[in-house]
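Here is how the chains run, residue by residue.
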Amino acid sequence: RLWRETVIKVAARYPKVELEHLLVDAMTMHMLTNAQSFDVVLTENMFGDILTDEASVLAGSMGVIPSASLSDGNVGMYEPIHGSAPDIAGQRKANPLAMILSAAWMLRLSFGLDDESAAIETAVEAALEQGQTTGDLGGELSTPGVGEWIADYVSR
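Quick caveat, the model's predicted, so the values are computed rather than measured. (Residues numbered from 1 in each chain as written. Predicted model: local features only at pLDDT ≥ 70, side-chain atom pairs only at ≥ 80, totals over all residues. Heavy atoms only, no water.)

Chemist: Give a description of the packing of aromatic side chains that names residues and reports values.
Modeler: Scanning all chains against the criterion turns up 1 aromatic pair. Ring centres 5.3 Å apart and planes at 20 degrees place the aromatic pair W149 and Y153 in the stacked group. With W149 and Y153 both in helix α6 (residues 143–155) and 4 residues apart, this pair spans about one turn of that helix. The cationic tip of R156 hangs over the ring face of W149; the distance from NZ or CZ to the ring centre is 5.8 Å. (Phe/Tyr/Trp six-rings, centres within 6.5 Å; stacked < 30°, edge-to-face > 60°. Helix = DSSP H or I, 4+ residues; strand = E, 2+ residues; numbered from the N terminus. Lys NZ or Arg CZ within 6 Å of the ring centre and 35° of its normal.)

Chemist: Now, about the nonpolar core: what can you tell me, with residues and values included?
Modeler: With 16 residues, the main nonpolar core has L97, I100, I120, V124, W149 and I150 as its most contacted residues. Contributing elements (two or more residues each) for this core: α4 (97–109), α5 (114–129) and α6. Excluding anything up to four places from it in sequence, I100 contacts I120, V124, G147 and I150. (Core = buried A, V, L, I, M, F, W, Y, C linked by side-chain atoms within 4.5 Å. Buried < 20%, exposed > 50% of the residue type's maximum accessible area, 1.4 Å probe, protein only. Contact = heavy atoms within 4.5 Å.)

Chemist: Lay out the pattern of salt bridges with the relevant residues and their values.
Modeler: Considering all chains together, one arrives at 2 salt bridges under this definition. Where R108 meets D114, a salt bridge forms, and the shortest distance between an N and an O atom there is 3.8 Å. For R108, a relative accessible area of 26% gives the class partly exposed. We classify D114 as partly exposed; its relative accessible area is 41%. The closest approach of N and O atoms between E121 and R108, which form a salt bridge, is 2.8 Å. On the criterion of sequence distance, the pair formed by E121 in helix α5 and R108 in helix α4 is long-range, its members being 13 residues apart. For E121, a relative accessible area of 24% puts it in the partly exposed group. (Salt bridge = Lys/Arg side-chain N within 4 Å of Asp/Glu carboxyl O.)

Dropping the structure here:
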């Protein structure tokens, strides 16, 4: 109840933003069947974790979804939605794209480096289009191989 009451109070300051309340199970169903109808999803941490994990199937892998926890100013914490993947630790097959995209968001949102962020995002898009990815997305590159490919693309 506290969450809902707080969100309603804050939403009142933004009359142009439509507010809709959904329970997490209904939200998951709507998100997976009609994702394009959502611009922003605001939730607390546990439900946010559940929803981002479920939403990753829309992108093909948890390895491509960045996240940001933002404050009122330009301070934020940036990380991929996936965990540490201890089952593949040291095997050089973890997908680094979510971390790379999280860093791009940090450049834009915390440091105001829009051009640099856009260059990284363009490189990630090119890697996906050209199949320069780890095995979870059908590619053959290692974790450092994807990072090197992105770095080379950005430096062109």
